[in-house]
Structure formats: C-alpha cells, structure tokens
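# Summary of the model geometry
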Amino acid sequence: MAQSMMRKIALSNMFVMVGLTRRASSRSLATGKNLMVKKTSNDLPPEEEITKSVFMSQSTDIYTNLALEDWMYRNMDFRKHHVMMVWRNEPCVVIGRHQNPWLEANVPFLSEKEIALARRNSGGGTVYHDRGNLNITFFTPRERYDRKYNLELIKRALFRGFGIKSIINDRHDIIVRDKYKISGTAAKLGRTTAYHHCTLLVNANKADLSRALAKRETNATPSTPSPVVNLSDLDNRVTVESLQTAVGYEYLRTPALQLEDGGERHISKQRGFQFINPTEDWFPGLSELKNDLQTWDWSFGRTPMFTVSRSFPVPSELLAPSKVYSAAQELVISMTVEKGLINDVTLNIPPGLVESGFHGEASVITHLKGKRFTSEALNALQDAMLTRHTSGDVKKLDEKEQFVAKCFDQVVNTV
Amino acid sequence: MPIRRSKVLVKWIYENQHKIQAVRYCSSLLRYKELEESPQIEPEAVTAPQTTPRPQITPEFSFKYDDLQVRLAAPYQLQPKPEANELGFGKYFTDHMLKINYFKELGGWQKPEIIPFENLSIHPAAKALHYAIQLFEGLKAYRGVDDKIRLFRPDLNMQRMNLAAQRSGLPMFDGEELIKCLVRLIQIDQEWVPHSESSTLYLRPTLIGTEPTFGVMEPDSAMLFAILSPVSAYYKTRSDGAVSIYADPNVVRAFPGGVGNKKVGSNYGPTIAVTSRAAKLGHQQVLWLFGPDKELTEVGAMNIFIVYINEQGDKQLSTPPLNGLILPGVTRRSILELASQWEDLTVKEEVITMERLIELNSKGRLLEMFGAGTAVVVTPISNVGYLEENIPIPTMKQSQPVFQRLKDTLLAIQYGHIDHPYAKIIS
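Starting from 1, residues in each chain are numbered consecutively following that chain's sequence as written. As they are written, the chains are lettered A onward and the ligands numbered 1 onward, keeping that order. Since the coordinates come from a predicted model, pLDDT governs what is reported: local features require at least 70, and pairs of side-chain atoms require 80 or more to be given and counted, while whole-chain, interface and lining totals use all residues. To obtain the side-chain values, all non-hydrogen atoms of the structure were included, while hydrogens and water were left out.

As annotated in an unreviewed UniProt entry, chain B is Branched-chain-amino-acid aminotransferase from Vanessa tameamea. UniProt positions are given in the numbering used here, feature names are shortened, and annotations may be inferred rather than shown by experiment. Under the Cofactor (unreviewed entry) heading, UniProt states for chain B: "pyridoxal 5'-phosphate". UniProt lists a comment for chain B under the heading Sequence similarities (unreviewed entry), and it reads "Belongs to the class-IV pyridoxal-phosphate-dependent aminotransferase family."

The name given to chain A in an unreviewed UniProt entry is Lipoyl amidotransferase LIPT1, mitochondrial, with the source organism recorded as Vanessa tameamea.

Encoded structure:
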C-alpha cells in the first residue's frame, strides 16, 4: 500500500519533472562542456568486454569531418567501445592547433586553387589532404591511449593486406623502404577520452602537396621535410578503399589491449563497420562545431604573434637622378601580425627614394594597421595612397607608390 | 487444428500458470484471465517470474542465445545512411539481420545467426505465401539521454508472439533467448539510431511457415527473422497535429473466435482497401466497428481511448476491453497501468459504442479521443467521419490534455529521463 502511494506521489512529481526536462531534453551536447553524467572514472572494463567499431564517414568536407571528430571526442563514452574512424577529404591543408598558417602553408596558392585551410584541435604539424589520402582516428578512453599499438596495427595491416613491409621510427612515423615517410600523426588527450589521428599517403597529388606546403622564409627553424611516397607507387593494389578495409579488419581482429591476432572469431564478437552520416540531425550540436571551425578567426586569427620582414632593392629609375649612392638602396618592410591582423608596420626607406619624392610612409602605416594579413590589407593600402593625391584628377599612383605597393603585395602574397 | 506443445513447456506452464501472463482459452469470448488485463497490477509483476528454474533448453523447445553466430558485413555490403529527416517509417533498413530456422526433421530450432542484410530465398510453395501462416511483432529501441539504448517492455512482445505462434501452428520459443539475440543485433547496428530524440530503431521480428507443401496444416519448417528500421514520424497528421478517422459499419476487422487479438499478418492485408477509401475522403485512419451496437474496437493499427466526464462528474479514461477482437497492445497496457496511478483520473475498460460516443459528444462531455500504439506512441483524433457526417472531437482544444500527459510520460520513460522498470537498458 505504502509502495503504491509512494509511486503515485513519485509519478505525479515525475510529471512536473517531465514537463521541464522534455523541453530541455535536446541533448545539449558538444558545446564545450563535457556533459557525460556521473562517469565513475577508474572503472575500466577488462579486455573481453570491449567491442570495436570502424566508423566510415560519408562526408569529404574537412570541416565536417573535423567537427565529427570533435563531437565524438566530447560526447561518446569509449570505455567499452573503442572506435577507429576512417575518413578522407577534398583537397585541403590542415594545420596544428598552435601553428601559423602563413608560415606553414602557401596561403596565396591555397586561395588561388580554392584549397581549404583548417586548423584542427590537436597539436602537431601541417598536412595536405586530398582524396588520395586516408585519415584514421583512433578513439579510446584516456587511460587506454596507446600510440604504438595503433601504428603497429597499421603496419600489420599493410603486411597482411599487401605484403608491404614497414618500420616505426622513434618519431612515431611509419617508414617504408627505409627512408620514405608514409604517415603523419597527431593526438589529443583529454580528461576522459583521447584520440590519435594519423594520415596515410595512398595516392595523393604530390605536386600540389609540395606547392601547398611551401614554407615562407623566416628566421625560425628551417624545416627538414622527409621524402614522401604514395603507397600506390609501392603496390598498385593499394587504393584508399582497399587500405581502409585492410586496416579496418586488422583493427577488428586484434583484441583491444594486446597486439595479437584474434582471427575471424574475434571479428565476429565486434560491432563491425558502420557508415556515419555527419549531419546535425544525426549528431545534434555538430553544426555549431563545424561553424566554429570555419571562421577566419579560428583558422587564421588564432595565430600567435609573428613578424615578417623583406627587403627589396629599389630599381634605379625610381631613384633621384644623377646622384650616386654609397650603399645599395633597399626598401625594407617589416610587419608584426597578431591574431592574424597587421599590428605594426615599419618601413625603412632608403634615402634615394625619399629624395626622389616618396612621402607616403605615414599613411601607409596608419591604413594597414588592424587589417587582416591578406589582400584585404593591400586594397586598403592602395586606397590610402590614392586619397593622398589632393590634386583632383590624378587618381593614379605614381611610379614610386606603385613600387611600394608592389613590395607590400609581395610581402603578403608570396612566400 | 492441433496446438503444438512441448511436454516440457506444458509442465512448466502448468506449474507456474498462476504467475505468468497467459491467455487461457475459454469458449466464452468475454472471459479472461484477470491478471493480464487488470490495470491495477504492479509493473514489476510483468517481468518473467523466477520461481522454478527454467527447463533445459533443447532444440525442440527453443533456440539459445549462446549458440548465436555472427557474421559482420564487409564495407562493400553496407548501406550509406540517409538524412535523418528522410527516414519515414520502414523505408530504410540496417546492415544486419537475425535469422533462425526451425526444422522438425532436424530436431527443431537451429542455431541463431546474425548475418549481413540479404533477401530471403523461399520455395514458391512455402506455406506462408499461400495460407498466411505468418506472424510478426513490433517494438522499439531508444537511444536515451545518457546515450544508453533501452527496450520498452520486450517481454510483453515475446509473450504475445508466442501466443500468436501457438494459434498459427508455428513453433514456440523462449522469449528471453530471442531478446538476447535482438540485443546483440541492436548493439551491432546501433549507429543507425541518430543521437537525437527525433528517431528510434524499430524492431520487426517475424515468424513464417516455410514448409513447401500445399497441405493446410502445421508447417514442419519455419523461419524466425528480425530486421531493424530507423524510423521517425509514422504518418502525416493534419495541421493541428491530430488525425481524422473514418468509420464504416459494413467493414469488419476482427470477429469473435477469430485472430483479432493476435498479431498476425492476415489481420492487416484486408484493411488496405478501406483505408484507401478513407484516404480519398480525407481521413488518415479507419475506425473499426463491430456488431449491431457498432462497438468501437480499434483505430487503424492502434488501440483506441476516449476521455470523458462520466455520470459521477469525474474525468474518465476508457478503452474497449480485451474481448478477443482487440490486440492487447503494449502501449495500451502501459497507459492503463500508468493512468491508474493518477489520482485525478478514473480508468476503466468498457465497451464503447458509436451511439454512446455521439451522445457524450453532443452533451459536451466527450473531451478527448486518441489512438495508442508502438509506432506512434499516442495520436490524437480530432474528427470522426461516420455515415456521411463529420463528427468533430475537441481533443486538441483541451488545456491540459490527458493524451499529451500520457505521451510525455511514456517518452520520458523510453528515453531515460525517468528511471522506470518498463524501460530495459541493454547497453
């Protein structure tokens, strides 16, 4: 009797709660707060209880896929379910969380060829992706993060599937034929979940790759790029589909914690391959993550402060005539860029150019400040110089101004 | 037609009959085992009792989950996932299915297997194709707010399935073992449930007679298979969110002594012509009437409920009793059990006739009318087309409608907002 009374009360209270929670129930996932309720942290299940899935993303848009990776990292519980996600993208360049896109990639080339630029959430270096490049992300609970296991798995898949032998070096690269790097790797370790993300070159466009990643000269560390090779050059049976199938089966047949073969029997205990449709309806909260990744502020604006400096020899016709100069006449332009915006501009104008009548420094500096470090800045500069001409009709920059504008152009738009 | 029974099963049922929810066959329509239909029973008693230990499972009696073999689909066998708003109901299916054969010649039930989704290969003389020796079930798996998957009272579906099998001459089985197999199937195809609350996974276990001979008798071979479909809305409603139903007294869905209370395919085929006719007249579903009194039995593929002010001036929720013409719906039962816990509502199973309905409506005492079923949960009805006239029902005009409260409670239980024994967590 008491029990049914209690139930009556409980249920009538529940009704109120239902009214409140139903409305707010759109699972407010993935907005920067990890809302996994009451996960007791140290109760990791034994190996037998862990099942594995291979998720195959149906999207080839880099922002969607990065957002999906982020969504899974924030919202899924991987304690009993380890996941390997395979994905590929239309041509794009992905820089690490803390990197500088202007220094790592040829930004003007990217915008010319409409190659997207994205900044991912994990650290590490810059990579070029296209449809000939396979991305693999391994999701596990934080305590079970094991980069070596993941790379060994790939190594075994390459051998079992195609007979390709490889080694893993100290920098956790996968090397074939003793010198060619075929992988890049990055990771993110959170409080409860971790992911390890690597890429494999199967059939990438190497010409576009090297042009997209051409580095700007700075006084920072010179890069030592390793020679790269496409796996399909080593064995023409390797395609993105056959490779993802091979790595997928290797992942499913290997127990979660030990690197030994469990065979078909082990595979039949897993969850297998799944297609994933990364849209807002299937994954509420995904659109917000994707939009954040696509903003200029995130991709470019997140850059730590840096300085670029270039010097340009002034062509003789622009110098004051019939004067001999002791030193070479060079125009030196330096800019500091903070948060992707031009902060400070310093012009070192050689005396030759001053004497021949160039007086534009002040307006140049004022008008560039605060602009984005892109062609936007240059348009502003041109406008600034134009308005200086107070004598009404002449709406053209004179030669010296043109020269200075061209030099700025080079600083911003070429590497 | 001889009813198939295994001696062991019979003995066990006999020993435990006072505890389990089984329909006892009586000659009279209206006599029932009270336990099954009473809304006062506590939810806990619904689950299978653990009194005597279950008999050793032999193939004659049932298949076993422990014998389940799994063959996962290769990437080239997978179907890409559609947009979540295109899902509809039963248009798309998942990548795997469950299949269990029964061969009397080989001892009975064979080992269950989960295989990549495929077409069936059936002999043209298979009994299911000729005499409708077939039955099915419908239940849903929900992804809850805590990302756990829940099944809603699957044991009730299993009981119902076995009773239908008994009546159809098909082999019976242990419902618990089937639930375990279904759980494994759901675990594999879990990603077919979107991570939001707009969609769920609908499970369709089906049992067909496959023996390829023309004799009208119990098939000695059968197949039990289960397929899953991600679903969103069942059917379109009108702009006010309610449906209009059409009642034709000349059409009969079920009759005394028939199989109206069993979930067999042969109940549904004959309803299509009338439903099309109703659609042409602008109605979404058909109201099934029976007898000279024009009793309301069911609406479309759902059980029917009305809310009205009774003679004592109290608000009352009524539904027709299980008299053999009505499918014992799981949602129907849950509604009766939940509503009888509410103090402001009287709950009663009683025969409702069209005359009574019209009388209550004209006196303004009829408040709501709705259908309830697994596919839709609860659907309000705002209009009844009967004998050339349209009878509007003020369901959508109520300020705190009972149907909405029931729907919210059921959904809250199913999606895990409320902890309740009705919803079984399976992962």
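There is more to say, and it comes next.
The next subject is the sheet that holds strand β9 (residues 180-181) of chain A. All names here are of chain A. With antiparallel pairing, the three strands of this open sheet are ordered in space as β7-β8-β9. Only two strands of the sheet have a single partner each, and these edge strands are β7 (166-168) and β9. A pair of strands is treated as paired once DSSP finds two or more bridges between them. What counts as a helix is a DSSP run of H or I of at least four residues, what counts as a strand is a run of E of at least two, and both are numbered from the N terminus. For β7 and strand β8 (residues 174-176), the ladder comprises three bridges, and the chain directions are antiparallel. Across the sheet, the residue bridging to I168 is I174, located in β8. Strand contacts of helix α5 (residues 147-162): β7 and β8, with the helix running at about 175 degrees to β7, the strand carrying the most contacts. By the convention used here, residues are in contact when the closest approach between their heavy atoms is within 4.5 Å. Lines fitted to the C-alpha atoms define the axes, with helices restricted to the stretch that makes contact. Angles between their N-to-C directions range from 0 to 180 degrees.

Attention now goes to helix α7 (residues 330-339) of chain B. Only protein chains enter the accessibility calculation, which uses a 1.4 Å probe. A residue is then buried if its area is under 20% of the maximum for its type, exposed if over 50%, and partly exposed in between. Within α7(B), 10 of the 10 residues are buried, which leaves the element mostly enclosed by the surrounding structure. Those residues of α7(B) not exposed but buried are V330(B), T331(B), R332(B), R333(B), S334(B), I335(B), L336(B), E337(B), L338(B) and A339(B).

The next point concerns the packing of helix α2 (residues 62-75) of chain A against helix α10 (residues 286-294) of chain A. Residues and elements named next belong to chain A. Two elements in contact, α2 and α10, have axes whose closest approach is 8 Å; the angle formed by their N-to-C orientations is 125 degrees. Comparing the axis directions of α2 and α10 gives the class oblique. Handedness of the α2/α10 crossing: right-handed. For the pair α2 and α10, the contacting residues are Y63, T64, L66, A67, L68, D70, W71 and R74 in the first and L286, L289, K290, L293 and Q294 in the second. Under the grouping applied here, Gly and all other residues not named as nonpolar or charged are polar, the nonpolar ones being Ala, Val, Leu, Ile, Met, Phe, Trp, Tyr, Cys and Pro and the charged ones Asp, Glu, Lys and Arg. Partitioned by chemical class, the residues of the contact of α2 with α10 number eight nonpolar, two polar and three charged. Convention used here: angles under 35 degrees read as roughly parallel, angles over 145 as roughly antiparallel, angles from 65 to 115 as roughly perpendicular, and any remaining angle as oblique. Helix crossings get a hand from a simple test, with the near helix turned counterclockwise from the far one by less than a right angle marking a left-handed crossing and a clockwise turn marking a right-handed one.

All names here are of chain B. Every residue carries a pLDDT, the predictor's confidence in it, which falls somewhere between 0 and 100. Looking at chain B, the pLDDT average stands at 87 and 86% of residues meet or exceed 70. Across residues 21-48 the pLDDT falls below 50, and counting only partners more than four positions away or on other chains, this stretch makes 55 contacts in the model. The ipTM assigned to the predicted complex is 0.79, against a pTM of 0.81.

Residues enter a patch when their relative accessible area is above 30% and they make no salt bridge; the linking distance is 9 Å between like charges and 5 Å between nonpolar side chains (Val, Leu, Ile, Met, Phe, Trp, Tyr). Using a 1.4 Å probe, accessible areas were evaluated by the Shrake-Rupley method; residue-level cover was limited to the displayed protein chains. Note on definitions: salt bridges are taken to be side-chain nitrogens of Lys or Arg within 4 Å of carboxyl oxygens of Asp or Glu. When charges are tallied, Lys and Arg are placed among the positive residues and Asp and Glu among the negative ones, while His and the ends of the chain are skipped. Charge coordinates come from a single atom per side chain, which is NZ of Lys, CZ of Arg, CG of Asp or CD of Glu. On the surface, a cluster of negative charge is contributed by E280(A), D281(A), E288(A), D292(A), E83(B) and E86(B). For E86(B), the position within the fold is in the loop between β1 (69-70) and β2 (96-103). With relative accessibility at 36%, the residue E86(B) sits in the partly exposed group.

To continue, consider the packing of aromatic side chains. For Phe, Tyr and Trp, rings pair up if their centres lie within 6.5 Å, where Trp contributes its six-membered ring, and each pair is then called stacked (planes under 30 degrees apart), edge-to-face (over 60) or tilted (otherwise). With the rule as written, the count across this model stands at 23 aromatic pairs over all chains. Ring centres of F139(A) and Y195(A) lie 5.7 Å apart, and the angle between their planes is 50 degrees; on these two criteria the pair is classed as tilted. Remark: Y195(A) occurs in strand β11 (residues 193-201) and F139(A) occurs in strand β6 (residues 133-141); sequence separation between them is 56 residues. Residue class for Y195(A) comes out buried when judged on its relative accessible area of 1%. Note on F306(A) and F373(A): the rings are 6.0 Å apart at their centroids and 80 degrees apart in plane angle, and the pair reads as edge-to-face. Placement of F306(A) in strand β13 (residues 306-313) and of F373(A) in the loop between α13 (361-368) and α14 (375-387) is noted, with a sequence separation of 67 residues between them. With respect to burial, F306(A) and F373(A) carry one shared label: buried. Following the ring pairs from residue to residue traces out a cluster consisting of W102(A), W296(A), F300(A), F306(A) and F373(A). Two conditions define a charge sitting above a ring: the NZ of Lys or the CZ of Arg must be within 6 Å of the ring centre, and it must be within 35 degrees of the ring normal. The lysine or arginine in question, K81(B), covers the ring of W192(B), its NZ or CZ lying 4.3 Å from the ring centre. The residue whose ring lies beneath R405(B) is W342(B), and the NZ or CZ to ring-centre distance is 3.8 Å.

On to the nonpolar core, then. Generally speaking, nonpolar side chains in soluble globular proteins are found buried as a group. Counting residues in hydrophobic clusters, the biggest one holds 106 residues, and the most contacted among them are M72(A), I136(A), L243(A), L98(B) and L178(B). When neighbours within four sequence positions are excluded, L98(B) is seen to be in contact with L68(B), P112(B), E113(B), I114(B), L178(B), C181(B), L182(B), L185(B), L224(B), F225(B) and A226(B). What makes a nonpolar core is a set of buried Ala, Val, Leu, Ile, Met, Phe, Trp, Tyr and Cys residues whose side-chain atoms join them at distances within 4.5 Å. Grouped together as the second largest cluster of nonpolar side chains are 42 residues, W102(A), L110(A), A204(A) and L381(A) included.

What follows is about the UniProt feature "modified residue: N6-(pyridoxal phosphate)lysine" (unreviewed entry) in chain B. All names here are of chain B. Under the UniProt annotation, the feature "modified residue: N6-(pyridoxal phosphate)lysine" (unreviewed entry) is placed at K263. Mapping K263 onto the fold places it in the loop between β10 (243-247) and α6 (272-280). Setting aside chain neighbours within four positions, we find K263 in contact with L135, F136, E137, G138, R160, A164, Y268 and L327.

With that out of the way, let us pick up the packing of α7(B) against helix α9 (residues 402-414) of chain B. Residues and elements named next belong to chain B. For the pair α7 and α9, interaxial distance at closest approach is 11 Å and the crossing angle is 105 degrees. When the interaxial angle is binned, α7 and α9 end up roughly perpendicular. Packed against α7, whose contacting residues are T331, S334, I335, L338 and A339, the element α9 presents L406, T409, L410 and I413 at the interface. Along the lines of polarity and charge, the residues of the contact of α7 with α9 split into six nonpolar, three polar and no charged.

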